[in-house]
Amino acid sequence: MFNTLRILCRGLVVPAVLAALCMALPAGCGRAARPSVECDREAMYATIEMLCSDSLGGRRAGSGDDLRAARALAEKLREAGYGPLWREALVPFGMEGAPARRGMDRVLAGEWCDTSYNVVMIVRSRYPDAPKVLLGAHYDHMGLFKADKGRKHKAGDMLCGANDNASGTAAVVEIARRLQPYADDFKRDLVVALFGAEEMGLVGSRHLERMLRDSAVAVGHMVNLEMLGRMRGDTLLLQGEMLSPVSRVAAAVGAADSLRIDLSTGFSIGSDHFSFASKMIPVSFFATTDISTLHTVDDTPESLDMEGMGRAVNYITRYVYTLLTTERLPELRDNI
């Protein structure tokens, strides 16, 4: 991710007093039962392996590998029933010299193009004028180092970013797939965004936030998923309480699969939710808390805890469903 997460461990644990939402119910009126919302771990792992494959070379922004990854992800969302928010699912943006400013062009190998891509798609509800829920994650990583950078990064190292952030990307795709059959329940549209160039300084998400604002697309809540593949102590971090009462959403969802939901009083500025929070849009930021492989060659698909990730994604699916179906989204606090 852009910077090591600044996670403060003071937090509130949501008690396991409410049952998880039961969403796999018959639709009624003679319609067939809708599918379960439980995630498919094998499908998520397949997406992670695809993103970490040698053919995508680490998905570095501006490499061309990011374009290939974005196309593959857009196809997965299309197959799940999503369409482009605008004319095309892939939305190009200029990085405006960010790699050079951050010195990344001097240490990362390969040709450089100033353009990267966001994938922006939507499933529409019956309430097009309601502020939308935006579910996002960054899909880019760093790729091949051609020069040493600090103690962690040596020339010749290939970083594929399985946890950071193929895991969050795979989770977004899976949650989107699981929730699409429930669109009739939604009280607002679900926009799915997979961001490019996060590692260059949140460039893709900043561009999308401006583009949504300029297009008069109102976002009522942004959910960002980052590094969900390495569970420590059954803890799933949820940040956003300082902006809006996301604890109320968590209470409505209840606990699931023995997770400890840590409503941290800290707030990370190192991932894509910050592009929206800085514009006073309420956010929910989910991450697991083992970041020991962050920006190392050890961040591989084989290093992930898919059982823990599955439990986390099942919880987040119910959380996003609650945001989509509640009468009122959490509002900004008055004393920010």
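Anything mentioned here points back to the structure above.
S.K.: How would you explain the pattern of salt bridges if you had to name every residue and give the values?
M.R.: In total, this model carries 16 salt bridges according to the counting rule given. In this structure, the salt-bridge partner of Asp-185 is Arg-34, at a minimum N-O distance of 3.3 Å. Placement of Asp-185 in the loop between α5 (162-179) and β10 (190-195) and of Arg-34 in the loop between β3 (31-33) and α1 (41-51) is noted, with a sequence separation of 151 residues between them. Residue Asp-185 is classed as partly exposed on the basis of its relative accessible area, which comes to 23%. The residue Asp-65 makes a salt bridge to Arg-68 at a minimum N-O spacing of 2.5 Å. In this pair, Asp-65 and Arg-68 both sit in helix α2 (residues 65-79), three residues apart, roughly one turn of the helix. By sharing partners, the salt bridges in this structure join Glu-174, Arg-177 and Arg-178 into a single network.

S.K.: Describe helix α9 (residues 306-325), naming the residues involved and giving the relevant values.
M.R.: Here α9 spans 28 Å end to end across 20 residues, near enough to the 28 Å set by a 1.5 Å rise per residue. Near the N-terminus of α9, the side chain that reaches the backbone nitrogen of Glu-307, with its oxygen 3.3 Å away, is that of Asp-305.

S.K.: Residues and numbers for the packing of α1 against α2, please.
M.R.: The packing of two helices is summarised by the inter-axis angle and the distance between the axes. Between α1 and α2, whose axes approach to 11 Å, the crossing angle comes to 160°. The angle between α1 and α2 places the two elements in the roughly antiparallel class. Where α1 crosses over α2, the two elements pack in a sense that is right-handed. Residues Thr-47, Met-50 and Leu-51 of α1 lie in contact with α2, whose contacting residues are Ala-69, Ala-72, Leu-73 and Lys-76.

S.K.: Explain the pairing of strand β12 (residues 235-239) to me, using residue names and the numbers behind them.
M.R.: The element β12 is largely enclosed, with a buried count of five among its five residues. Because side chains alternate across β12, one face comprises the buried residues Thr-235, Leu-237 and Gln-239, and the other comprises Leu-236 and Leu-238, equally buried. As defined by bridge partners, β12 adjoins strand β13 (residues 260-264) across three bridges and the pair is classed as parallel. Considered in β13, the bridge of Leu-236 is made with Ile-261.

S.K.: Go over the pairing of strand β11 (residues 219-225), please, and point to the residues and values.
M.R.: Along β11, seven of the seven residues are buried, which leaves the element largely enclosed by surrounding structure. When β11 meets strand β14 (residues 283-288), the two strands line up parallel, connected through four bridges. Across the sheet, residue Leu-225 finds its bridge partner in β14, namely Phe-286.

S.K.: An account of a nonpolar patch on the surface is requested, with residue identities and associated values reported.
M.R.: Taken together, Met-280, Leu-332 and Ile-336 make up a surface patch of nonpolar side chains, about 250 Å² in accessible area. Summarising the element assignment, Ile-336 is placed in the segment after α9.

S.K.: Explain the packing of α1 against α5 to me, and be specific about the residues and the numbers.
M.R.: Packing of α1 against α5 leaves a shortest axis separation of 9 Å and a crossing angle of 135°. Judged by the angle between their axes, α1 and α5 are oblique. When you trace α1 past α5, the crossing you get is right-handed. Contacts between α1 and α5 involve Ala-43, Met-44, Thr-47, Ile-48 and Leu-51 from the first element and Ala-162, Ala-166, Ser-167, Thr-169, Ala-170, Ala-171, Glu-174 and Arg-177 from the second.

Calculation notes
Residues numbered from 1 in each chain as written. Predicted model: local features only at pLDDT ≥ 70, side-chain atom pairs only at ≥ 80, totals over all residues. Heavy atoms only, no water. Salt bridge = Lys/Arg side-chain N within 4 Å of Asp/Glu carboxyl O. Helix = DSSP H or I, 4+ residues; strand = E, 2+ residues; numbered from the N terminus. Buried < 20%, exposed > 50% of the residue type's maximum accessible area, 1.4 Å probe, protein only. Expected span 1.5 Å × (residues − 1). Polar contact = N/O pair within 3.5 Å; in protein donor to acceptor, adjacent residues only side chain to side chain. Axes fitted to C-alpha atoms, helices over the stretch in contact; angles between N-to-C directions. Parallel < 35°, antiparallel > 145°, perpendicular 65-115°, else oblique. Left-handed = near helix turned anticlockwise from the far one by under 90°. Contact = heavy atoms within 4.5 Å. Pairing = 2+ DSSP bridges. Patch = residues over 30% accessible without salt bridge, like charges linked within 9 Å, V, L, I, M, F, W, Y side chains within 5 Å. Areas by Shrake-Rupley, 256 points an atom, 1.4 Å probe, with all protein chains shown as cover.

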